[in-house]
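Listed below are the residues making up each chain.
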Amino acid sequence: MWDYTDKVKDYFLHPRNVGEIKDADAVGEVGAIACGDALRLYLKLDKKNGNRIADAKFKTFGCGSAIASASALTEMVIGKTLEEAEKITNQDIADFLGGLPPEKMHCSVMGKEALESAIANYRGYKAAPAEEGVIVCKCFGVTDVKIERVVKENRLTTVEQVTNYCKAGGGCKSCHPDIQGIIDKVWEKEVKPVAIPAKPKKMSNLRKMQLIQETIERDIRPVLMMDGGDMDLIDVDGNTVYVSFRGSCAECAGSRVTLKSTVEAKLREFVTEELVVEEVNQ
Amino acid sequence: MKRLVYVDNNATTRVAPEVLEAMLPYFTELYGNPSSMHTFGGQLYKKINQAREQVANLIGASPQEIIFTSGGTESDNAAIRGTLEANPDKKHIITTRVEHPAVLNLCQYLAQNGYEVTELGVDSQGLLDLDELHGAIRDDTVLITIMYANNETGVLFPVEEIGQIAREKGITFHCDAVQAVGKLPLDVGKSTMDMISLSGHKLHAPKGVGALYIRKGVRFKPFMLGGHHENNRRAGTENVPSIIGLGMACELARKHLPEEQTKVRKLRDKLENLILYQMLNSRLNGHKILRLPNTTNISFEYVEGEAILLLLNEVGICASSGSACTSGSLEPSHVLRAMGVPFTAAHGSIRFSLSRYNTEEEVDYIVEHIPPIIRRLKEISPYSAEIEELELKAAARK
């Protein structure tokens, strides 16, 4: 059962502006029955009043949230100029409805695309921008241009999110590496924030001891024990940690490497960068 | 209170009042552990074996051939993994494209982990081609796992013939009979099935309990390891109340079995015939005859299934759909796709699955509510012209 908001339910059960406009100035059409949803949007402009959208109607084949999204869109655009309407994003449609389940975000994207398609139709373009590009998802016929756009506009970072927003990758899954490639490409271009290393916080000795013990129990001993070895914590003096190897580690010629690569590295990662680990024989 | 008409019995069923009543003492005064040495716990061991007999009686098995599990999925996993582990030299499995996910996803997992899996296809009515099965068998085929009745369409597979083929080749045959047990008479004593999965909550027992039938002499290694429960074949302290409930449910199912073929079938046929007759854009999915008596899967072309379900829900009718939107996946049901049901119809499929608790009055209620719902969605749909064309053609055929 989908967790639809009351507003989604309301717009599904009592959809506003269902129908056709016979003498529409713009008609937008997106989706296909094979994909499970389709939307036709009609706009009537008021030419005397700065080409504001005087009326909008829709027809939808689709699930509850597809019908609700389309109906919400018609209410949102009425009274706006085309330039104003153009600024509506799919997130605006979802927000208008009090949110949509993540798997249903593509319904809001479909609304946004129908609007673009209608505006393009009015301006005499052949196709909406999203229809250009190379098909990446063959199951749902989604292009790289469209994927790149939903990734950017909704700040998507995973293939699953892309599928939720535009269906790409929801069928045979063979395009998943390509979608991941597009996501990587989009975010690579963005300037990565420079990581400022956090200043080591002043740590009490008690807290330091606790963290050292926890890290040894959680991250170090289980690793050593897998190879039949073990380790004891002997003492902590300032930032020097004294340990003693047991079991197979005690005889192991490589224990010096283990000491630095595993024990010290883990302790520096989880406690503080300043720690030095020394081995004692006890 | 809003009216409730529950016709989603292939998803789950109500617990029969007699089942609940039988279970209650095992939550309160009889809470012991059947493995205990004291009488207080140990006496329950007998009760569990009585339940085992009740289950065995329903399917014609001997009680020693029944192990209790946590449900259909565990039974399927135990049967499949247990067979593979007992026959480690053979690496080929045969199944079908329309299995329940409990079998299908497990087989797909095994296919990525050292096994080869052949998935047999079905025709447009959901039927198997036994020649294809013959052709798929190899020297290293270890297991054939094929369902008895499909959960979405109710279509039945020729399990005896499949078992015969398996037996001739010395291959173990596991049958996921979760939807069939309690709806169809079964007699494993005379059958060629080596293993059968069954689930409690599909036959008026509670959720979380099931059973696996393993024919005596069939090689099997336990899937759940631990204590000595279930004769060393399924570890874990017995779910006593639910096992008692499953036993009672099986006894009741045996008693009511004739009703499934008469009362339930009659109601299902009435529902199906009236919908197909009234709604000119509707079509039946699955073979009309070779089918469970309680299930009907109907597509309303050019109308979307989730929207239908939500509107049915508004009038208290609980059904399910093979539409993409209801599953969270974006593609319609794998069963309907395997059957080659066109997209125009697959997205608008609705499954009604009845039980002995449904009434004729409820069927009338559904039949009354379907036309306005479909009409309403048709009016919203951009494909209303296509629907009308379809309806004209259908009317001309009548």
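J.: Explain the overall build of chain A to me, and be specific about the residues and the numbers.
T.: Counting its regular elements, chain A contains eleven helices and eight strands. Taken over C-alpha atoms, the radius of gyration comes to 29 Å for chain A, far larger than the 19 Å a tight globule of 282 residues would show. The C-alpha extent of chain A, read off along each of the three principal axes, is 95 × 40 × 40 Å. Expressed as a percentage of the 282 residues in chain A, the buried residues total 46%. Taking contacts inside chain A between residues at least 6 apart in sequence as the whole, the part at least 24 apart equals 56%. As displayed, chain A has an accessible area near 14600 Å², and 52% of this comes from carbon and sulfur atoms.

J.: Report on the domain arrangement of chain B, specifying residues and quantitative values.
T.: Residue and element names in this part refer to chain B. Taken as a whole, chain B is organised into domain 1 (5-11 + 257-397) and domain 2 (17-253). In this structure, domain 1 and domain 2 have C-alpha centres spaced 30 Å apart. If you look at the interface, domain 1 gives 27 residues, while domain 2 gives 31 residues. Across the domain 1/domain 2 interface, buried area totals approximately 2500 Å², and carbon plus sulfur atoms make up 56% of it. Inspection of the region where domain 1 meets domain 2 yields zero salt bridges.

J.: Account for the pairing of strand β6 (residues 172-176) of chain B, with residues named and values stated.
T.: A regular strand places its side chains so that they alternate between the two faces of the sheet. Residue and element names in this part refer to chain B. Among the five residues in β6, five count as buried, and that is most of the element. With three bridges joining them, strand β5 (residues 141-145) and β6 adopt parallel strand pairing. When the sheet's bridge partners are listed, Leu143 is paired in β6 with Thr172. The β-α-β motif built from β5, the intervening helix α6 (residues 159-168) and the parallel element β6 has right-handed crossover chirality. Of the strand pairs in this sheet, β6 and strand β7 (residues 195-199) are connected by three bridges, and their pairing is parallel.

J.: Before we move on, could you go through a negative patch on the surface and cite the residues and values that matter?
T.: All names here are of chain B. Negative charge collects at one region of the surface, where Asp123, Asp129, Asp131 and Glu132 lie side by side. Turning to its location among the elements, Asp129 is positioned in the loop between β4 (116-120) and α5 (130-136). The partly exposed category is assigned to Asp129, whose relative accessible area is 40%.

J.: Help me get a handle on the sheet that holds strand β9 (residues 282-284) of chain B, residues and values and all.
T.: Residue and element names in this part refer to chain B. The sheet built from four strands is open, its strands ordered β9-β10-β13-β12 with antiparallel pairing. The two strands at the open ends of the sheet, each matched to only one other strand, are β9 and β12 (320-321). Here β12 pairs with strand β13 (residues 349-353) via two bridges, running antiparallel. Within the sheet, the bridge partner assigned to Ser320 lies in β13 and is Arg351. Its contacts with the sheet place helix α9 (residues 305-314) against β10 (295-300), β12 and β13, and it is angled at close to 45° to β13.

J.: Outline the pairing of β10 of chain B, supporting the account with residue identities and numerical values.
T.: Residue and element names in this part refer to chain B. In terms of burial, β10 is a largely internal element, six of the six residues being buried. Across the two faces of β10 the burial is the same, with Thr295, Asn297 and Ser299 and Thr296, Ile298 and Phe300 all buried. Relative to β10, β9 runs antiparallel, the two being bridged by three bridges. Pairing of Ser282 across the sheet is with Phe300, part of β10.

J.: I'd like to hear about the pattern of salt bridges, residue by residue, with values.
T.: Under the criterion given, the structure shown has 40 salt bridges over all chains. Asp219 of chain A is paired through a salt bridge with Arg218 of chain A; the nearest N and O atoms lie 2.8 Å apart. Its relative accessible area of 18% is what places Asp219 of chain A among the buried residues. Here Lys190 of chain B and Asp187 of chain B are joined by a salt bridge, their closest N and O atoms 3.6 Å apart. On the basis of relative accessible area, Lys190 of chain B is assigned to the exposed category, the value being 74%. Among the charged side chains, a network of salt bridges with common partners joins Asp23, Asp25, Lys44 and Lys47 of chain A.

J.: Requested: an account of the interface of chain B and chain A, with residues and values cited.
T.: Across the contact, 25 residues belong to chain B and 32 residues belong to chain A. Together chain B and chain A conceal approximately 2300 Å² of surface at their shared face, both sides included; 68% is due to carbon and sulfur atoms. Inspection of the region where chain B meets chain A yields one salt bridge. Note that Glu306 of chain B and Lys104 of chain A form a salt bridge whose closest N and O atoms lie 2.6 Å from each other. Linking chain B to chain A there are twelve residue pairs in polar contact (both at pLDDT 80 or more). Contributions of two or more residues to the side of chain B that touches chain A are made by α9, α10 (324-327), α12 (343-346) and α13 (360-380) of chain B. Class assignment of the residues belonging to the side of chain B that touches chain A gives a composition of twelve nonpolar, seven polar and six charged.

Definitions and limits used
Residues numbered from 1 in each chain as written. Chains lettered and ligands numbered in written order. Predicted model: local features only at pLDDT ≥ 70, side-chain atom pairs only at ≥ 80, totals over all residues. Heavy atoms only, no water. Helix = DSSP H or I, 4+ residues; strand = E, 2+ residues; numbered from the N terminus. Rg over C-alpha atoms; globule rule 2.2 N^0.38 Å. Buried < 20%, exposed > 50% of the residue type's maximum accessible area, 1.4 Å probe, protein only. Contact = heavy atoms within 4.5 Å. Areas by Shrake-Rupley, 256 points an atom, 1.4 Å probe, with all protein chains shown as cover. Domains from an automatic or database assignment. Buried area = accessible area lost by both parts, 1.4 Å probe. Salt bridge = Lys/Arg side-chain N within 4 Å of Asp/Glu carboxyl O. Pairing = 2+ DSSP bridges. Right-handed = clockwise from strand over helix to strand, strands pointing away. Patch = residues over 30% accessible without salt bridge, like charges linked within 9 Å, V, L, I, M, F, W, Y side chains within 5 Å. Lys, Arg positive; Asp, Glu negative; His and termini not counted. Charge placed at Lys NZ, Arg CZ, Asp CG, Glu CD. Axes fitted to C-alpha atoms, helices over the stretch in contact; angles between N-to-C directions. Polar contact = N/O pair within 3.5 Å; in protein donor to acceptor, adjacent residues only side chain to side chain. Nonpolar A, V, L, I, M, F, W, Y, C, P; charged D, E, K, R; others polar.

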